Amino acid sequence: LVPVGIVAGVVLAIAVLLLARTQMAIPAAIKSGLKRRQFFLLYQPVVDLATGEWVGAEALIRWRRPGGELIMPDFFIPLAEQNGLIEQLTHCVFQLVARDAGTFMQRHPAFHIAINLSAADLHSPHLLTLLDGLSAETGVSPHNVLVEITERGLVNVDAVRQVLHDVRAKGFRIAIDDFGTGYSSLSYLEALEVDYLKIDKSFIDAIATEAPTSNVVHHIIGMAKSLELRMIAEGVETQEQAHFLRERGVEFAQGWLFGKAMPFTELEQQMLGRATA
Ligand code: C2E
Ligand code: CA
Ligand code: CA
Ligand code: CA
């Protein structure tokens with residue numbers, strides 16, 4: 001009989017080896033996925049809470065593996081960030097946005113597209129070129145392009161202040177994503193030029209519940225108002241949440257109550273259907 005300890009040890013060693021193999025294989029798989037066009041975007045509508053109108057959409061990346069398996073960004077974006085591949089992915093996102101939404105946006109000059117950026121993108125010398133390229137290629141006004149950056153990307157405020165200034169000087173808009181989950185402090189918000197705060201879903205979830213954080217949303221709204229920032233609520237799932245936010249002057253929202261992320265063609269069809277309804 002083989003002692004249990006040895007069996008467990010061998011099993012563990014195999015598991016670690018397998019994990020190490022898949023971990024090492026992922027950056028290579030992302031690179032080949034980029035070449036083979038396995039990445040695509042879904043678009044989630046952004047609604048005006050006062051009118052219910054769809055005023056824009058957020059581009060959300062997906063990875064379709066050759067076997068058909070769909071991989072979500074919470075898994076591969078951090079790995080791309082750690083392995084120096086995020087700039088290539090962001091480049092791909094810009095190409096996809098131009099292809100999917102360019103024509104539609106030309107025809108609907110009030111419609112905006114939001115693009116997620118990683119911290120590394122803010123330090124990339126190519127960011128402004130990418131943004132300029134998007135509006136040059138599609139004829140879309142910079143005003144209709146919103147770049148979303150998380151607080152994690154703002155740890156070094158001095159380093160991003162200039163780039164955010166340059167981005168805004170060209171007319172692009174900036175949103176702080178997942179607001180309230182990071183290193184929030186009023187001082188960085190005062191130091192940076194931004195247009196929107198996106199209130200993180202965790203605070204929306206807590207609205208009208210007994211959760212200890214149920215009050216935080218009041219403070220976030222107060223802070224945004226005092227800094228004259230417009231707000232987009234994330235992850236709105238109930239009418240009650242939408243009502244609460246509208247009453248308190250939050251202008252925009254996203255969430256399953258209004259629409260999940262969908263292919264651009266579907267978003268376009270639904271918008272046309274709503275306009276003629
Ligand atoms: P995020 O930017 O905070 O995006 C919101 C996430 O919440 C999306 O998940 C969206 O599908 C989901 N969501 C929206 N409404 C609801 C709702 O009502 N209920 C629930 N339960 N979920 C909702 P997704 O698409 O899986 O994206 C996850 C994260 O991956 C994003 O969080 C963003 O940080 C990152 N990401 C997505 N696309 C890109 C990209 O192109 N570039 C970069 N750098 N990051 C991206
Ligand atoms: Ca986002
Ligand atoms: Ca978010
Ligand atoms: Ca998030």
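What counts as what
Residues numbered from 1 in each chain as written. Chains lettered and ligands numbered in written order. Predicted model: local features only at pLDDT ≥ 70, side-chain atom pairs only at ≥ 80, totals over all residues. Heavy atoms only, no water. Helix = DSSP H or I, 4+ residues; strand = E, 2+ residues; numbered from the N terminus. Rg over C-alpha atoms; globule rule 2.2 N^0.38 Å. Buried < 20%, exposed > 50% of the residue type's maximum accessible area, 1.4 Å probe, protein only. Contact = heavy atoms within 4.5 Å. Areas by Shrake-Rupley, 256 points an atom, 1.4 Å probe, with all protein chains shown as cover. Lys, Arg positive; Asp, Glu negative; His and termini not counted. Charge placed at Lys NZ, Arg CZ, Asp CG, Glu CD. Donors = N, O, S within 2.8 Å, 3.2 Å for Na, K, Ca; no water. Axes fitted to C-alpha atoms, helices over the stretch in contact; angles between N-to-C directions. Parallel < 35°, antiparallel > 145°, perpendicular 65-115°, else oblique. Nonpolar A, V, L, I, M, F, W, Y, C, P; charged D, E, K, R; others polar. Expected span 1.5 Å × (residues − 1). Phe/Tyr/Trp six-rings, centres within 6.5 Å; stacked < 30°, edge-to-face > 60°. pLDDT = per-residue confidence, 0-100. Salt bridge = Lys/Arg side-chain N within 4 Å of Asp/Glu carboxyl O. Near = heavy atom within 4 Å. Polar contact = N/O pair within 3.5 Å; in protein donor to acceptor, adjacent residues only side chain to side chain.

A. Representation of the overall build of the protein chain in the model. What the protein chain contains, in helices and strands, is 11 helices and 9 strands. Relative to a compact globule of 277 residues, whose C-alpha radius of gyration would be 19 Å, the protein chain shows 21 Å and is just as compact. Expressed as a percentage of its 277 residues, the buried residues of the protein chain come to 45%. Taking the intrachain contacts of the protein chain between residues at least 6 apart in sequence as the baseline, contacts between residues at least 24 apart amount to 65%. Split by element, the accessible area of the protein chain, about 14,400 Å² in all, is 56% carbon and sulfur. Taking the average location of the 23 positive side-chain charges in the protein chain and that of its 31 negative ones, the two points are 8 Å from each other.

B. Highlighting the coordination of the calcium ion (ligand 3). In the first shell of the calcium ion (ligand 3), the protein supplies Asp-177 (OD), Asp-178 (OD), Glu-234 (OE) and Glu-234 (OE), at 2.0 to 2.6 Å from the metal. Of note, the calcium ion (ligand 3) draws all its donor residues from one chain, in the sequence arrangement D-D-x55-E. A separation of 4.0 Å is found between the calcium ion (ligand 3) and the calcium ion (ligand 2), which share Asp-177 as a coordinating residue. One end of the pair, Asp-178, is in strand β6 (residues 173-179); the other, Glu-234, is in the loop between β8 (230-233) and α10 (239-247), with 56 residues separating them in the sequence.

C. Structural detail: the packing of helix α3 (residues 86-107) against helix α11 (residues 264-276). Packing of α3 against α11 brings their axes to within 10 Å, and their N-to-C directions diverge by 25 degrees. Classified by the interaxial angle, the pair formed by α3 and α11 is roughly parallel. Residues Asp-100, Ala-101, Phe-104 and Arg-107 of α3 pack against Phe-264, Glu-268 and Met-271 of α11. Its residues assigned to classes, the contact of α3 with α11 comprises 4 nonpolar, no polar and 3 charged.

D. Structural view of the coordination of the calcium ion (ligand 2). Within the first shell, the calcium ion (ligand 2) binds the protein through Glu-58 (OE), Asn-116 (OD1), Glu-148 (OE) and Asp-177 (OD), at distances of 2.1 to 2.3 Å. Relative accessible area serves as the criterion here: at 28%, Asn-116 is assigned to the partly exposed category. Looking at Glu-148, the relative accessible area reads 1%, which means it is buried.

E. Structural view of helix α5 (residues 127-138). Under the 1.5 Å per step criterion, the end-to-end length of α5 is 17 Å for 12 residues, consistent within 8% with the ideal 16 Å. The inward-facing, buried residues of α5 contact α3, β4 (112-116), α4 (119-122), β5 (145-150) and α6 (157-169). Looking one or two places after α5, you find Gly-139, whose phi comes out positive at around 75 degrees.

F. The packing of aromatic side chains, seen in detail. In total, this model carries 7 aromatic pairs according to the counting rule given. Ring plane angle 80 degrees and centroid distance 5.6 Å describe the contact between Trp-63 and Phe-76, whose orientation is recorded as edge-to-face. Of this pair, Trp-63 sits in strand β2 (residues 54-64) while Phe-76 sits in helix α2 (residues 73-82); the two residues are 13 residues apart in sequence, bridging distant segments of the chain. You'll find Trp-63 and Phe-76 in the same group, each marked buried.

G. Spatial organisation of the confidence of the model for the protein chain. Considering every residue of the protein chain, the mean pLDDT works out to 92; 96% of them sit at 70 or more. Scoring of the predicted complex yields 0.91 for pTM and 0.98 for ipTM.

H. Spotlight on the side chain of Arg-62. Within the element layout of this structure, Arg-62 appears in strand β2. Although Arg-62 is buried, it forms no salt bridge, and the closest oppositely charged side chain is Asp-74 at an N-O distance of 8.2 Å.

I. Local environment of the site of ligand 1. Residues in close proximity to ligand 1 total 22 residues, the closest being Gln-44, Ile-61, Arg-62, Glu-237 and Trp-256. One of the side-chain N or O atoms of Gln-44 is found 2.9 Å from a nitrogen atom in ligand 1. Residue Glu-234 places a side-chain N or O atom 3.5 Å away from an oxygen atom belonging to ligand 1. For ligand 1, the protein covers 84% of the area, taking 800 Å² as the surface of the free molecule. Secondary structure elements with two or more residues in the shell around ligand 1: β2, α2 and β6.

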